[in-house]
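# Observations on the three-dimensional arrangement
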Amino acid sequence: HVQLVESGGGSVQAGESLRLTCEYSQSRYCMGWFRQGPGKEREGVASISGDGRTTYGDSVKGRFTISRDKSKNKLFLQMNNPKPEDTGRYYCVAERYGGCALVSNYGYWGQGTQVTVS
């Protein structure tokens, strides 16, 4: 099993940058971030494949950046120009196979970290 632990969440005002970190015990081909805001369904935010290909949800394109430091077993989400609509609990996710699409079939999930943008 893969353990995923998120950190870096908090409360920020709109426009203030934030960076989330996910520490994982083992890497998988697809690593990414999902979120769930109040009254909303889970939404894929960003993913990165083992080959370095990235995918972003339409609502965060141009503002968020996913990256990883494989040697340190860390995944990051740089959140620039966050908006109130970005509020939610952010989950680090991983799966061994697939095209790393932003669909909720990832086999491994962290406990999440809360992000509130006002």
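Each remark here, short or long, concerns the structure printed above.
Below, the structure is looked at part by part. Residue positions within a chain follow its written sequence, with the count starting from 1. It should be noted that, the model being predicted, local features are given only for residues of pLDDT at least 70 and side-chain atom pairs only at 80 or more, the latter also being counted only at that level, while totals for whole chains, interfaces and linings use all residues. The basis for every side-chain value is the complete set of heavy atoms in the structure, and neither hydrogens nor water enter the calculation.

What follows concerns the packing of aromatic side chains. Stacked, tilted and edge-to-face are the three classes assigned to paired rings of Phe, Tyr and Trp, where Trp is represented by its six-membered ring and a pair needs centres within 6.5 Å; plane angles under 30 degrees give stacked, over 60 edge-to-face, the rest tilted. Taken as a whole, this structure holds 3 aromatic pairs when the rule is applied. Relative to W109, the ring of F34 lies with its centre 5.3 Å away and its plane at 55°, an arrangement referred to as tilted. In this pair, F34 is assigned in strand β4 (residues 30–36) and W109 in strand β10 (residues 108–109), connecting sequence segments 75 residues apart. Take F34: its relative accessible area is 2%, and that puts it in the buried class. Relative accessibility under 20% of the residue-type maximum defines a buried residue, over 50% an exposed one, and the middle range a partly exposed one, all with a 1.4 Å probe and only protein chains included. For W109, a relative accessible area of 26% corresponds to the partly exposed category. Taken together, a centroid distance of 5.9 Å and an interplanar angle of 70° make the contact between Y91 and W109 edge-to-face. Highlighted residues: Y91 in strand β9 (residues 88–95) and W109 in strand β10, separated in sequence by 18 residues. Residue Y91 is classed as buried on the basis of its relative accessible area, which comes to 17%. Put simply, DSSP marks the helices as runs of H or I at least four residues long and the strands as runs of E at least two long, and each gets a number from the N terminus on.

For the rest of this paragraph, the subject is the sheet that holds strand β8 (residues 74–79). Paired through backbone hydrogen bonds, the strands of a sheet run either parallel or antiparallel to each other. DSSP bridges decide pairing: two strands pair if at least two such bridges lie between them. Strand order in this open sheet of 4 strands is β1-β3-β8-β7, and the pairing throughout is antiparallel. Strands at the two margins of the open sheet, each flanked by one partner only, are β1 (4–7) and β7 (64–69). Neighbour-to-neighbour, the strand axes of the sheet open up by a mean angle of 20°, direction not taken into account. In the sheet, β1 pairs with strand β3 (residues 18–24) via 4 bridges, with the strands oriented antiparallel. Following the sheet pairing, S7 is matched in β3 by T21. Whenever a helix is involved, its axis is fitted only over the stretch in contact; in every case the axis is a line through C-alpha atoms, and angles between N-to-C directions fall within 0 to 180 degrees.

The next point concerns the side chain of R28. Along the chain, R28 falls in the loop between β3 and β4. It is E95 that comes nearest to the buried, bridge-free R28 among opposite-charge side chains, at 9.6 Å. Within 3.5 Å is the distance limit for a polar contact, defined as a pair of N or O atoms, with the added protein rule that one can donate a hydrogen and the other accept it, and that residues adjacent in sequence qualify only through two side-chain atoms. Of the polar contacts made by the side chain of R28, one reaches the side chain of Q26; its length is 3.4 Å. Only heavy atoms enter the contact rule, under which two residues are in contact if any of them lie within 4.5 Å. Excluding residues that lie within four positions of it along the chain, R28 makes contacts with V2, A94, E95, R96 and Y108. The convention is simple: Lys and Arg are positive, Asp and Glu are negative, and His and the chain ends are not counted. Any Lys or Arg side-chain nitrogen found within 4 Å of a carboxyl oxygen on Asp or Glu counts as a salt bridge.

It is worth spelling out the state of the cysteines at this point. Note on terminology: disulfide describes a covalent bond linking the sulfur atoms of two cysteines. Counting rule for disulfides: a pair of cysteine sulfur atoms within 2.5 Å. In total, this model carries 2 disulfides according to the counting rule given. Here C22 engages in a disulfide with C92; their sulfurs sit 2.1 Å apart. Because the sign of the S-S torsion sets the handedness, a value of about -80° for the bond joining C22 and C92 places this disulfide among the left-handed ones. Residue C22 is located in strand β3, and its partner C92 is located in strand β9; the two are separated by 70 residues in the primary sequence. Note on accessibility: C22 and C92 belong to one class, buried. The disulfide partner of C30 is C100, and the gap between their sulfur atoms is 2.0 Å. One quick way to see it: the torsion about the S-S bond of C30 and C100 is about -80°, and its sign makes the bridge left-handed. Of this pair, C30 sits in strand β4 while C100 is found in the loop between β9 and β10, placing the two residues 70 residues apart along the sequence.

Glancing now at unusual backbone geometry. Most peptide bonds take the trans form, and the phi angle of most residues other than glycine is negative. Of note, N73 is a non-glycine position whose phi angle comes to about 55°, a positive value. Note that N73 resides in the loop between β7 and β8. Of note, the phi angle at N81 is positive, near 50°, even though the residue is not glycine. When its relative accessible area of 44% is taken as the criterion, N81 is described as partly exposed.

Taken by themselves, the reported measurements are silent on function.
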